[in-house]
Amino acid sequence: MAGLEGMEQPRPRSDPAAARWGVPGTDGDRVPASRRPVSAVPEPAGDQALGEVRLPSRPQSAGIARRLTAAVLLKQWSLTPQLAEHAVLLVSELVGNAVRHTGARTFGLRMLRRRGWIRIEVRDPSRGLPCLMPVQAMDLSGRGLFLVDKLSERWGVDLLPRGKTTWFEMRIADR
């Protein structure tokens, strides 16, 4: 996929989630992402680990998460460049929060598609809730959830027995 060549992959070569997303170097390379059945995309119900890619909790992982998101939305799901751009920005914000504020060693990234919607989730082991802060024009930080609130249709946080999932959803035009 564009932008991912030659880069260290965050998951083992046999990772079914990475293979399903068409990440190079996985066992799923045998079938091009554009030819995989839609049923290979995980649905929101069921196993929360299904389709999740684990990434190390360090600043460089934001770039990996952005490239994965862009590749899935543009190449595999054929969504509009503007929608992909907004989703990539929001993923970057959620990943940034997970890296900066949770103290976790890793976090999970999961992308879901269902009729008329996409949902992107970032899961981490912290139960600390993110806080939507008022934003002023000259603020240098603290805009992440403000952007998520403005650019997504809806967003939220689901507390888990060990951690939380911060997510956003965006409407898409199904073809």
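Refer to the preceding data block for the structure.
Below you will find a few notes about this structure. (Residues numbered from 1 in each chain as written. Predicted model: local features only at pLDDT ≥ 70, side-chain atom pairs only at ≥ 80, totals over all residues. Heavy atoms only, no water.)

## Some details on the pairing of strand β5 (residues 163–171)
Then comes step 1: Burial analysis of β5 places 8 of its 9 residues in the buried class, the great majority of the element.
Then comes step 2: Pairing of strand β3 (residues 117–124) with β5, which is carried by 8 bridges, proceeds in the antiparallel orientation. Across the sheet, Arg119 pairs through a bridge with Glu169, a residue of β5.
Then comes step 3: One ladder, built from 7 bridges, connects strand β4 (residues 154–160) with β5; its direction is antiparallel. By the bridge assignment for β5, Arg154 is matched with Glu169. (Buried < 20%, exposed > 50% of the residue type's maximum accessible area, 1.4 Å probe, protein only. Helix = DSSP H or I, 4+ residues; strand = E, 2+ residues; numbered from the N terminus. Pairing = 2+ DSSP bridges.)

## Observations regarding the pairing of strand β2 (residues 106–114)
Then comes step 1: Sheet analysis places strand β1 (residues 52–56) next to β2, joined by 5 bridges and oriented antiparallel. Its bridge partner being in β2, Val53 is matched across the sheet by Leu109.
Then comes step 2: As paired strands, β2 and β3 are joined by 7 bridges and run antiparallel to one another. Across the sheet, the residue bridging to Arg114 is Trp117, located in β3.

Structural measurements only, silent on function.
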